[in-house]
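# Per-entry structural report
Residue strings, one per chain:
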Amino acid sequence: MRHFATGLGLFIVFAVLLVAIIAPYIAPHDPFAQDLNLRLVPPEWMDGGSAVHPFGTDQLGRDYLSRLLYGSRISMTIGIFTVITSGLIGITLGLLGGYFGGRVDDMVMFIITCRLSIPLILVALTVVALVGSSLTVVILTLGLLLWERFAVVSRTATMQVRNLDYIAAARAAGASRLHIVLREVLPNILTHLVVVATLEMALAILLEAALSFLGLGVPPPLPSWGLMIAEGKDYMFFSPWVIMVPGVALFVLVLGINLLGDGLRDLLGAGHAQWR
Amino acid sequence: MRRARPPPPAPLPQGEGEKFLMTPVLEIANLHVTFGTRVAAVRGVSLKVNRGETHCLVGESGCGKSVTALAAMGLLARNGHRTADVLRFHDFDLTRHSERGMARLRGDRLAMIFQEPMTSLNPAYTIGSQMAEVLERHRGVSRAVALDRAAELLGRVGITAPGMRLKQYPHQLSGGLRQRVMISMALMCEPELLIADEPTTALDVTVQAQILRLLQSLQRELGLALLLITHDLGIVARMADRVSVMYAGQVVESASAEALFDAPTHPYTRGLLRCIPVPGTARRDDPLGSIPGTVPRIAPDFVGCAFRDRCAHAVGQCAREAPRLSVSEDHHYLCRLPPDWTRAEAA
């Protein structure tokens, strides 16, 4: 069961990644092309649906399947780049605080506490109001705000590793501090960080959808899944698929990432115990 | 308790040999280490380790042996505070070295092996990568050259198929093998001083004997100065040229190994030796010796003899001072009792 869930997660994540990469080649239509004669066409499996638009069309007559496929690019881009940005910030802070301790650690803890007291949505609102919304702004906003879990986990893990004998042995062999932090500590806390990365990625994708829904995320006409739900919400009573299709896609992707994260935690956890 | 003396160290440059032999590789005088304001871990330790000599530091757990070694290496924890009149490695004043300068010496000319071979290797790297790194760091050689040297040293410490071992991860090796790896790693840059902190405590007895034999033969070949920290008097009897017995942060008795085993003078040393059953002498009905009580925790303002609460010979003077007396030129101890008190007692 465990392995099945992990495998399913892995499959979903890689499938979405693959779709994101090859979207231009598999999308049946141009996701931006409007056709006001074919507005809100139902999906194929509903009455009045056609094979030309398998998932129907939206209120501007754009092919929903194509928009869904292109939307995966936005979700994956946001997920990956947010994790990279926040990972760099959080891991750096966590390693510094965890390894050096003392005043450095106090400082790091203070920064983490400050970050925790910042309301995410309000900051995003302010940033969008000040500089306007774009994909880059969303990635940077999320990346600069979502690092606290990386920082907390890497700090704690570093503290555990710091006192192990092989760190003392490395110092006794003349290793510099930078070397010890990057080459001795970091590889040994990486397993924890991989799990955090999956959680953060899922969170970032959900937050992007939420921000886009509120009109604070990626600007139209980009086909973000959150934006698709926002644009469809006025029509959901008579054309429920306009929110169902992107909603299910979002749910499946986030579920897949979380399943993968859980599986990785178990697998890497077991590997870690084996090393000792 | 007699053992064969190792032959003299490898030949030295003509003329300079005498002088070179006389300069200690490591010299420590009046070393103090405190942690915070309440714990004095080391209180005025002095010792010398000469080239080709094994100096054993003996004592119970928590008596300051390891802290002394870590202080010499400059590896104390952040809250440890170190002062010393002399802390010298050859001509280098270690108290004046920056952290960067110390890092350059460590692993190159002074090396250390730790007690726990199971956890002293980084689980994330292969043996070869970890060994090669030391040489690359200090000598700037290529990975291939460093790996050759690593394979040669693994062979030297008695590991078969070194080529295969280099590619393995620590968890694939047994404790004895890992300690051999640690030893050969310490020897990568041909250090002049090797500090071994209880190198065999975590190993089982047969492996222990192999590792000790290995250390002895390596020392003979390379002319290493060896500072061996142990709580096992059997190891001392087997390995030591000089012995310093530590108690509560002080060296309470320091002598050549012969002198110490022939004529132990400090009551603590005598107590320690009485705790060892000697085959042929110990009798079934005689209780084995023991020292009552435990090591006290010593604050920095402690005065007098730290052993007085556990000592059968304690008098009022012991609460005020423990004078440093000498049996001979290189046999010293910290006690009020005169050098010949044991003979007077026996008579």
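The paragraphs below set out a description of the structure included in this document. Note that this is a predicted model, so its numbers are computed, not measured.

Reading the values: the criteria
In this convention, every chain numbers its residues from 1, walking through the sequence in written order. Starting at A for chains and at 1 for ligands, labels are handed out in the order in which the entities are written. Whole-chain, interface and lining totals are the exception, using all residues; otherwise, since this is a predicted model, local features are given only for residues with pLDDT of at least 70 and side-chain atom pairs are given and counted only at 80 or more. Note on conventions: DSSP H or I runs of at least 4 residues are helices, E runs of at least 2 residues are strands, and numbering of each starts at the N terminus. Note that the radius of gyration is over C-alpha atoms, with the globule rule given as 2.2 Å times the number of residues to the power 0.38. Partly exposed residues are those whose C-beta has more than 12 but fewer than 20 other C-beta atoms within 10 Å; 20 or more makes a residue buried and 12 or fewer makes it exposed, with C-beta atoms placed from the backbone. Note that contacts rest on C-beta atoms placed from the backbone: two residues are in contact if these are within 7 Å. Lines fitted to the C-alpha atoms define the axes, with helices restricted to the stretch that makes contact. Angles between their N-to-C directions range from 0 to 180 degrees. Handedness of a helix crossing follows the sense of rotation of the near helix relative to the far helix, less than a right angle counterclockwise being left-handed and clockwise being right-handed. All amino acids are sorted into three groups, where Ala, Val, Leu, Ile, Met, Phe, Trp, Tyr, Cys and Pro are nonpolar, Asp, Glu, Lys and Arg are charged, and the leftover types, Gly among them, are polar. Linking buried Ala, Val, Leu, Ile, Met, Phe, Trp, Tyr and Cys residues through C-beta atoms within 7 Å yields a set, and such a set is a nonpolar core. Note on pairing: DSSP must find at least two bridges between two strands before they are called paired. Residue count minus one, scaled by 1.5 Å, sets the expected span of a helix.

Along the backbone of chain B there are twelve helices and 13 strands. Here the C-alpha radius of gyration of chain B, 21 Å, is about what a compact globule of 347 residues would show, namely 20 Å. Along the three orthogonal principal directions, the C-alpha set of chain B runs to about 65 × 50 × 45 Å.

What follows covers the overall build of chain A. The helix and strand inventory of chain A stands at ten helices and zero strands. When the elements of chain A are put in sequence order from the N terminus, they spell out α-α-α-α-α-α-α-α-α-α. Over its C-alpha atoms, taken along the principal directions, chain A stretches across nearly 75 × 45 × 30 Å. Here chain A holds 276 residues, and 45% of them are scored as buried. Considering only contacts in chain A between residues 6 or more positions apart, those separated by 24 or more positions represent 71%.

Moving on to the packing of helix α2 (residues 64–100) of chain A against helix α6 (residues 148–162) of chain A. Residue and element names in this part refer to chain A. Closest axis-to-axis distance for the α2/α6 pair is 7 Å, and the angle between their directions is 35°. The interaxial crossing formed by α2 with α6 has right-handed handedness. Only E148, R149, F150, A151, V152, V153, S154, R155, T156, T158, M159 and R162 of α6 make contact with α2, whose side of the interface consists of S86, G87, G90, I91, L93, G94, L95, G97, G98 and Y99. Here the contact of α2 with α6 is composed, by residue class, of nine nonpolar, nine polar and four charged.

Ranked by internal contacts, the top residues of the largest apolar core, which has 168 residues, are A150, L193 and L227 of chain B. With 14 residues, helix α8 (residues 177–213) of chain A is the largest single contributor of residues to this core. Excluding residues that lie within four positions of it along the chain, L193 of chain B makes contacts with V25, L26, V49, F89, L110, A225 and L227 of chain B.

Attention shifts here to the interface of chain B and chain A. Contact with chain B, which involves 21 residues of that partner, is made by 17 residues of chain A. Residue assignment for the side of chain B that touches chain A shows that the elements contributing at least two residues are α3 (99–105) and α4 (127–139) of chain B. Considering each element in turn, the side of chain B that touches chain A owes the most residues, three residues, to α4 of chain B. Partitioned by chemical class, the residues of the side of chain B that touches chain A number nine nonpolar, six polar and six charged.

This part is about the sheet that holds strand β3 (residues 54–58) of chain B. Residues and elements named next belong to chain B. The eight strands are arranged β7-β8-β9-β3-β10-β11-β13-β12 in an open sheet whose pairing can be described as mixed. In this open sheet, the two strands that pair with only one neighbour each are β7 (110–113) and β12 (324–328). In this sheet, neighbouring strand axes are inclined to one another by 20° on average, regardless of whether the strands run parallel or antiparallel. In this sheet, strand β8 (residues 193–197) lies alongside β7 in parallel orientation, the contact comprising four bridges. Bridge pairing in β8 links A111 to L194.

Moving on to helix α5 (residues 143–156) of chain B. Residue and element names in this part refer to chain B. Spanning 14 residues, α5 covers 20 Å between terminal C-alpha atoms, matching the ideal 20 Å at 1.5 Å per step. When we look at burial in α5, the residues that qualify are A146, L147, R149, A150, A151, L153 and L154. In the core, the buried residues of α5 are packed alongside α4, α6 (162–166) and α7 (175–186). Positive backbone phi, approximately 85°, marks G158, located one or two places after α5.

The next thing to look at is unusual backbone geometry. The linkage connecting P220 of chain A with the following residue, P221 of chain A, adopts the cis geometry, with an omega of 10°. Mapped onto the elements, P221 of chain A comes out in the loop between α8 and α9 (225–232). Phi is positive for H90 of chain B, which is not a glycine, with a value near 50°. C-beta crowding within 10 Å serves as the criterion here: with 17 such atoms nearby, H90 of chain B is assigned to the partly exposed category. Even without being glycine, A161 of chain B reaches a positive phi, approximately 50°. Note that A161 of chain B resides in the loop between α5 and α6.

So, on to the environment of D165 of chain A. With respect to the helices and strands, the residue D165 of chain A is situated in helix α7 (residues 165–172). D165 of chain A sits 49 residues away from L116 of chain A along the chain, and the two C-alpha atoms are 34 Å apart. Those residues in contact with D165 of chain A that sit more than four places away from it in its chain are F114, E116, T119 and S120 of chain B.

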